[in-house]
There are 2 protein chains.
Amino acid sequence: MRLLILMMALTAAAPALADEGMWTFDNFPAASVQKIYGTAIDTAWLDHVRLSTIRLSNCTASFVSPDGLILTNHHCVESCLAELSSKDNALIDLGYLAPSRTAERRCSTQLADVLVGMEDVTAKVLRAVAGLDDQAANSARKKVLTELEQTCERKLLCQAVTLYEGGEYFIYKYKRYDDVRLVFAPEADIAAFGGDPDNFQFPRWSLDFSMLRAYEHGRPAKTPQFLTIDFDGPRDGELVFVSGHPGSTHRAETRAQLQFERDISLPGGLLRTAELRGRYLQFGSTSLANEQLVEAQLNSLENGLKVRRKLLDALHDDALMARKSEEERSLRAAARLPGEDPWNIIDAASTRERALYLPYSFIESGAGFNSILFRYARLLVRGADERAKPNTARLREYTDAALQRIEQQLVARVPVFSEVEVLTLSASLQRMREWLGPDYPLVRQLLVKDSPTTLATRLVAETKLDDPGVRRQLWEGGQAAVLASRDPMIELARAIDGDARLQRTQFEDEVEAPIAAASAKIAAARFKVYGTAVYPDANFTLRLNYGTVQGWIENGTPVAPFTHLDRAFERATGAAPFKIPDTWWRVKDQLDLQTPFCISTTSDIVGGNSGSPLIDAQGHIVGLMFDGNIHSISGDYWFDTAKNRAVALHPAIIREALDKVYRAKTLLAELMAR
Amino acid sequence: MRLLILMMALTAAAPALADEGMWTFDNFPAASVQKIYGTAIDTAWLDHVRLSTIRLSNCTASFVSPDGLILTNHHCVESCLAELSSKDNALIDLGYLAPSRTAERRCSTQLADVLVGMEDVTAKVLRAVAGLDDQAANSARKKVLTELEQTCERKLLCQAVTLYEGGEYFIYKYKRYDDVRLVFAPEADIAAFGGDPDNFQFPRWSLDFSMLRAYEHGRPAKTPQFLTIDFDGPRDGELVFVSGHPGSTHRAETRAQLQFERDISLPGGLLRTAELRGRYLQFGSTSLANEQLVEAQLNSLENGLKVRRKLLDALHDDALMARKSEEERSLRAAARLPGEDPWNIIDAASTRERALYLPYSFIESGAGFNSILFRYARLLVRGADERAKPNTARLREYTDAALQRIEQQLVARVPVFSEVEVLTLSASLQRMREWLGPDYPLVRQLLVKDSPTTLATRLVAETKLDDPGVRRQLWEGGQAAVLASRDPMIELARAIDGDARLQRTQFEDEVEAPIAAASAKIAAARFKVYGTAVYPDANFTLRLNYGTVQGWIENGTPVAPFTHLDRAFERATGAAPFKIPDTWWRVKDQLDLQTPFCISTTSDIVGGNSGSPLIDAQGHIVGLMFDGNIHSISGDYWFDTAKNRAVALHPAIIREALDKVYRAKTLLAELMAR
């Protein structure tokens, strides 16, 4: 059994087996589905599902009515809820139901993108880098991708996509909705029932859904491509699909890259995150107001902590590492690549990465400056410098295609809480001093007179970047305005920018460039040996997978694939995270306690798939993805058919809640119209 | 080079090479020292050094005058300083110099033990367990060790010692001083200059020393066995010895045991510790008073965090693991042991340990109840039950030999701060719920109505165990008093004791017992193949090692073995942990800035050696051990001759400080008298 599992661990390299795979829509294995399940999936089905699926900032969603109504997770709209809250009206805690369409409230940073076209540009990219050394190729590749993006049709947002670590390149074309409004969210106590203890667990009872609406020209968008909800949900064993945006996986990475994760980036990240969790919890313990100030960040951080913890567990399986070596050996032998061995090149680059990682992550990636206000300052300083260059010469995150999202972030009236800023900034400065050492030149320069706390306190107190108007002025004023600014946070971002860019260049030339070149060679080897029966690692682009409604065996005990409402009431303790809101207790007698609550499926999903529709063969929504079980976390490295399960909300509990608890008759009618 | 280092990694299994080894005084390799360095070490030298060396609670010290004067580290007396402090007079921060002997202040929990005798009882122990199965042998072994302890001479404290994982058993006999008083401590700012950032670093400038005095019958103890300080210190390259109590190493453990550390205990411990660090730091950030309340715990916690972090790094060296396998293979082949393979037995027991570890560590080892008050409650509840049994039937930590230390702890007037108690207890309850899961029966029972914070707050507010008088009554009242008590912390300890003891029994029977039996077989194999040229893993019993004053090469750059005072002033920033106290700035002009400050040596030491004398061939003190460099942390698993360095305080800076900064003329005179 163990061997079988491990053989499957490496299927991003070898052809995918049943139920595994995050397929691009242009390469969905409809023939396999037909063969295994006897179900035909045609182009019309694929197009309909794709055009009904939405990409949010870091989640997935779908249209569920012709009037732009959107279904996604509660945890995907937390920043919107925070933005629309006031001290006396915390929407995260209280929930929200727009009594009418005019009361639907705009989330200023929420965009909704629909993938309307995909163009294969692999040949153009390969032509642009042909004959260049690794460093030159790395720059030329970025340049040609920016060029391809900017030649795209007007009105569409075009983004270059790298698949198979450079085996394929595409331009993905999105229709973007930039006016998205909040329609409904339940209280956090029921949406996140079970909280961090239950996160990545199944059986489960979290009502993790919310609804938004896309607007165009100030009116609900017309969205003829939408998915109908089948409130009866799926049967045990039924074939189901998930359309969504898995964020990132590392299944095709080499052993050296996984060892870097295991030895360096995961342990370091875990330590910093765990410490910050302690800071947040202690801060929140002093008052209810403080608890609410850090609630959203804490949720997100605890989620990340659990993920990293289980990823480290997965990489501590020495047998997995041994199989990875064996798989590399056999692919190397089968492909007989000419020239220098790409695995050896990645080994050497990973060794170099170990030396460069700490200053790169603290100074350039910002681990040393964990502050919303600092990130504004960095965007303003870099944005000014980069926009002064031609589009193709800029850092990729400042090209024209990226500017709308940046501008929207900069001017959004997202509240900034100075105590929380001091907390995060001082904590990260302190860790930078610990990890780089007190005698590291930049550390010494910043902290020669001040302690991390003193410096953070002064910066946060004196900066004016918490004012969206000030940020807008600096953005619009460009280089001249930024250079003239005496704002201390801007001065800090300017003072470290030289060092930071140096770290980045060194990292790109000595780590990223050789790995990019070698990975493309390995991808070519896989195509040569396995053909198209492989799928690319996840990168937050649209994917489709298939699987079934199914439980699993945990320590010899079967776990059933459905949960029901009655058990949620039984588990309630009265205190968060196991508190059921009064709105539910009040109507408990009227509720059908046998209503299915959550579903477990074999769908191959990861973070970023949150809010994805679970779809049946008829193209109806039969669930709403919001999590995976604890074994799903190792899905970053391999897919464990025996135990990896996705967790969806059952549509019946959505209906029960909207109908009997929240009395959202109009909304429910819109969802049930056919 | 790499191979050479790794070969040496496993020298607790293979014979020790030059400078490596934590030798017991009965097996010191004087012949090797003679051969390598031409220096004769005789029995008189060994006896003198042994009888001048002191074991403190978790440190080492030595007598430095015939009147009971003791030299140790500042960080070894932190709990004494805390105990003697008041809100207005924080001795940790302010330091202390007794103006006369009558002003020397008693540390109520400080004991000082001197090893006056060692009796080999291996044959008796082996006789007691002969023919028994693993579980029965495990119990019989503990029983015979308790019996051997209690038949020891009166007036001496006798402790059973297991060496070579059961290859040898000794009764160690200590003369105990139970009246120990504070004589001198510098301010924490200079004692711990560099703080956590500089911890385990060299070059270094921390004045980490303090002085105590042993008393007998209310007067300074007569200690004819003491070490004279040679204030000129050692030369570069000079042969030096360290006598002390290394706390624990795992050099002889099997690969399976190291993998358990790497995969389970180190990552879990790191996460909990990092989070608690964040809690402490955030708590301390709210006021200076709060910062001082958690200062000592935070120092100790950060030290542990750095250690664990580097231990995990050491275990992520796959080549080390591969060598460990190879070493096991070759020892197995050379020893040709009869019966079941002991490495396989340990493999199986380690697998079982993975399953039992979480409930065992949270419930029995107390990771779920991190609270001084709870630990009092546990001592009282268990102490009452255990003392009702015959001595040999008790848990080993409650035998007669252990009672004095327990009683002293229970009645000590150590201040307990309720906010800190709530912090640590709520944090650990929360983590227990996370790791065991909210549906684990004991977790559910404790937290069915309360959140971890509510429960912790109530327990801490309502318990009376912060009163030493209450604790004394309960201790003296025994089982009847404990059973009648309505104190909520006592009730908690009683409520979980059944579960906790069950976890312990299961762990002892299924993990400890088979590992003990198998480890003894492996030890026998080592004796058979390597003779006595091996040293036992550290276990906080007295050891002696030899080495030289020596720097090392770090990333191609040589690190010199001495630092000097001038650089400390250059590194000062004005803010802790890089603040030099005003007492030093005031006399800076009078100081010799070229005074040597710290020394780096090749001595093979680990935690527990803190406060150990660094001794020259004449038996004089030429330094005071207080740390190791960053590479020394991997010393838990192997000794890296190339880079592992111990860090000592130079005696010249002790003289300079006592003479010019603290004007401690009388004390200095006592130290300089010959």
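Before any of the text, the structure's been laid out above.
Residues numbered from 1 in each chain as written. Chains lettered and ligands numbered in written order. Predicted model: local features only at pLDDT ≥ 70, side-chain atom pairs only at ≥ 80, totals over all residues. Heavy atoms only, no water.

1. With respect to the sheet that holds strand β13 (residues 543-548) of chain A
Residue and element names in this part refer to chain A.
Piece 1. Spatial strand order, β13-β12-β18-β19-β20-β17-β16: 7 strands in an open sheet with antiparallel pairing. With partners counted over all chains shown, the strands left at the sheet margins are β13 and β16 (562-564), one partner each. Averaged over neighbouring strand pairs, the angle between their axes works out to 35° when direction is ignored.
Piece 2. Relative to β13, strand β12 (residues 239-244) is paired through 6 bridges, and the arrangement is antiparallel. Of the residues in β13, the one forming a bridge with valine 240 is glycine 547. (Pairing = 2+ DSSP bridges. Helix = DSSP H or I, 4+ residues; strand = E, 2+ residues; numbered from the N terminus. Axes fitted to C-alpha atoms, helices over the stretch in contact; angles between N-to-C directions.)

2. Observations concerning the relation of the copies chain B and chain A
Piece 1. Of the transformation placing chain B onto chain A, the axial shift is 0.0 Å and the rotation is 180°, giving an RMSD of 0.0 Å. Overall, the copies show the geometry of a two-fold rotation axis.
Piece 2. Of the interface residues in chain B, 100% have counterparts in chain A that sit at the interface too, so the contact is made through matching surfaces. (Least-squares fit on C-alpha atoms with pLDDT ≥ 70 in both. Contact = heavy atoms within 4.5 Å.)

3. Some thoughts on the interface of chain B and chain A
Piece 1. Chain B puts 45 residues into the contact, and the matching count from chain A is 45 residues.
Piece 2. Contact between chain B and chain A buries roughly 3800 Å² in total, counting both sides, with carbon and sulfur atoms accounting for 50%.
Piece 3. Counting across the chain B and chain A interface gives 12 salt bridges.
Piece 4. Between glutamate 434 of chain B and arginine 309 of chain A there is a salt bridge, with its nearest N and O atoms 3.7 Å apart.
Piece 5. Summed over the shared surface of chain B and chain A, the result is 19 residue pairs in polar contact (both at pLDDT 80 or more).
Piece 6. Mapped onto the side of chain B that touches chain A, the elements with two or more residues apiece are α9 (195-198), α10 (255-284), α11 (288-315), α16 (418-436), α17 (441-447) and α21 (565-571) of chain B.
Piece 7. At 15 residues, α10 of chain B tops the list of elements feeding residues into the side of chain B that touches chain A.
Piece 8. Of the residues assigned to the side of chain B that touches chain A, the class counts are 17 nonpolar, 7 polar and 21 charged. (Buried area = accessible area lost by both parts, 1.4 Å probe. Salt bridge = Lys/Arg side-chain N within 4 Å of Asp/Glu carboxyl O. Polar contact = N/O pair within 3.5 Å; in protein donor to acceptor, adjacent residues only side chain to side chain. Nonpolar A, V, L, I, M, F, W, Y, C, P; charged D, E, K, R; others polar.)

4. A closer look at the nonpolar core
Piece 1. The biggest cluster of nonpolar side chains holds 115 residues, and the ones touching the most others in it are Met489 of chain A together with Met489 of chain B.
Piece 2. Setting aside anything within four residues of it in sequence, one finds methionine 489 of chain A in contact with Ser371, Leu373, Phe374, Ala377, Leu425, Leu459, Val460, Thr463 and Leu465 of chain A. (Core = buried A, V, L, I, M, F, W, Y, C linked by side-chain atoms within 4.5 Å. Buried < 20%, exposed > 50% of the residue type's maximum accessible area, 1.4 Å probe, protein only.)

5. With respect to α11 of chain B
Piece 1. The terminal C-alpha atoms of α11 of chain B, which comprises 28 residues, lie 39 Å apart, in line with the 40 Å expected from a rise of 1.5 Å per residue.
Piece 2. Along its length, α11 of chain B reaches its greatest deviation from straightness, about 50°, at glutamate 295 of chain B. (Expected span 1.5 Å × (residues − 1). Bend = angle between axes of the 7 residues up to and from the residue.)

6. A closer look at the environment of leucine 51 of chain A
Residue and element names in this part refer to chain A.
Piece 1. Secondary-structure assignment places leucine 51 in helix α3 (residues 43-52).
Piece 2. In sequence terms leucine 51 and aspartate 113 are 62 residues apart; their C-alpha atoms lie 9.9 Å from each other.
Piece 3. Contacts of leucine 51, omitting those with residues within four sequence positions, involve Phe63, Val114, Leu115, Val116 and Gln225.

7. A short note on the state of the cysteines
Piece 1. In total, this model carries 6 disulfides over all chains according to the counting rule given.
Piece 2. The side chain of cysteine 80 of chain B participates in a disulfide bridge whose partner is cysteine 107 of chain B; the two sulfur atoms lie 2.0 Å from each other. Residues cysteine 80 of chain B and cysteine 107 of chain B share a disulfide whose torsion about the S-S bond is about -60°; that sign makes it left-handed. A residue pair is termed long-range when its members are at least 10 positions apart, and cysteine 80 of chain B in helix α4 (residues 78-83) and cysteine 107 of chain B in the loop between β5 (105-106) and β6 (112-120) qualify at 27 residues.
Piece 3. Given the relative accessible area of 2%, cysteine 80 of chain B is considered buried.
Piece 4. Given a relative accessible area of 1%, cysteine 107 of chain B falls into the buried group.
Piece 5. When the bonded cysteines of chain A are counted from the start of the sequence, the pairing works out to 1-2, 3-4, 5-6.
Piece 6. There is no disulfide at cysteine 598 of chain A, and the cysteine sulfur nearest it, in cysteine 76 of chain A, is 15 Å away. (Disulfide = S-S within 2.5 Å.)

8. Concerning the side chain of glutamine 282 of chain B
Piece 1. As for its placement among the helices and strands, glutamine 282 of chain B is situated in helix α10.
Piece 2. When near neighbours in sequence (up to four residues on either side) are disregarded, glutamine 282 of chain B contacts Arg279, Gln282, Phe283 and Leu423 of chain A.

9. Looking at the side chain of glutamate 302 of chain A
Piece 1. Counting through the fold element by element, glutamate 302 of chain A comes out in helix α12 (residues 295-315).
Piece 2. With relative accessibility at 10%, the residue glutamate 302 of chain A sits in the buried group.
Piece 3. What glutamate 302 of chain A contacts, discounting residues up to four positions off in sequence, is Asp196, Arg277 and Leu281 of chain A together with Arg431 of chain B.

10. Details of the pattern of salt bridges
Piece 1. For the coordinates displayed, the defined rule picks out 108 salt bridges over all chains.
Piece 2. Between arginine 262 of chain A and aspartate 263 of chain A there is a salt bridge whose closest N-O contact spans 2.7 Å. Across the pair, exposure class does not vary: arginine 262 of chain A and aspartate 263 of chain A are buried alike.
Piece 3. Linking arginine 213 of chain B and glutamate 670 of chain B is a salt bridge whose minimum nitrogen-to-oxygen distance equals 2.7 Å. Of this pair, arginine 213 of chain B sits in strand β10 (residues 210-216) while glutamate 670 of chain B sits in helix α24 (residues 665-672), and the two are 457 residues apart along the sequence.
Piece 4. The exposure class assigned to arginine 213 of chain B is buried, which follows from its relative accessible area of 1%.
Piece 5. A single network of salt bridges, built from pairs that share partners, joins Lys142, Glu364, Arg378, Arg382, Glu386, Lys389, Glu397, Asp497, Arg501, Arg504, Glu508 and Glu512 of chain B.

11. Side note on the sheet that holds strand β12 (residues 239-244) of chain B
Residue and element names in this part refer to chain B.
Piece 1. As summarised here, the arrangement of the 7 strands in space is β13-β12-β18-β19-β20-β17-β16, forming an open sheet in which the pairing is antiparallel. Looking at the sheet topology across the chains shown, the edges are occupied by β13 (543-548) and β16 (562-564). Pairs of neighbouring strands in the sheet enclose a mean axial angle of 35°, with direction left out of account.
Piece 2. Sheet topology note: the strand β18 (residues 613-615)/strand β19 (residues 621-628) ladder contains 3 bridges and is antiparallel. When the sheet's bridge partners are listed, leucine 614 is paired in β19 with glycine 623.
Piece 3. Taken strand by strand, helix α2 (residues 30-37) contacts β12 and β13, and its axis lies near 10° from that of β13.

12. Digging into the packing of aromatic side chains
Piece 1. If you walk through the whole model with that rule in mind, you get 34 aromatic pairs over all chains.
Piece 2. Here phenylalanine 63 of chain B and tyrosine 177 of chain B contribute two aromatic rings whose centre-to-centre distance is 5.6 Å and whose plane-to-plane angle is 75°, an arrangement assigned as edge-to-face. On the criterion of sequence distance, the pair formed by phenylalanine 63 of chain B in strand β2 (residues 60-63) and tyrosine 177 of chain B in strand β8 (residues 168-177) is long-range, its members being 114 residues apart.
Piece 3. Residue classification places phenylalanine 63 of chain B among the buried positions, given a relative accessible area of 1%.
Piece 4. With a relative accessible area of 5%, tyrosine 177 of chain B lands in the buried category.
Piece 5. By the ring-pair criterion, three or more aromatic residues cluster together here, those being Phe28, Tyr37, Trp45, Phe241 and Tyr546 of chain A.
Piece 6. The ring of tryptophan 435 of chain A has arginine 309 of chain B sitting right over it, with the charged end atom 3.9 Å from the ring centre. (Phe/Tyr/Trp six-rings, centres within 6.5 Å; stacked < 30°, edge-to-face > 60°. Lys NZ or Arg CZ within 6 Å of the ring centre and 35° of its normal.)

Scope: geometric values only; no functional claims are made or implied.
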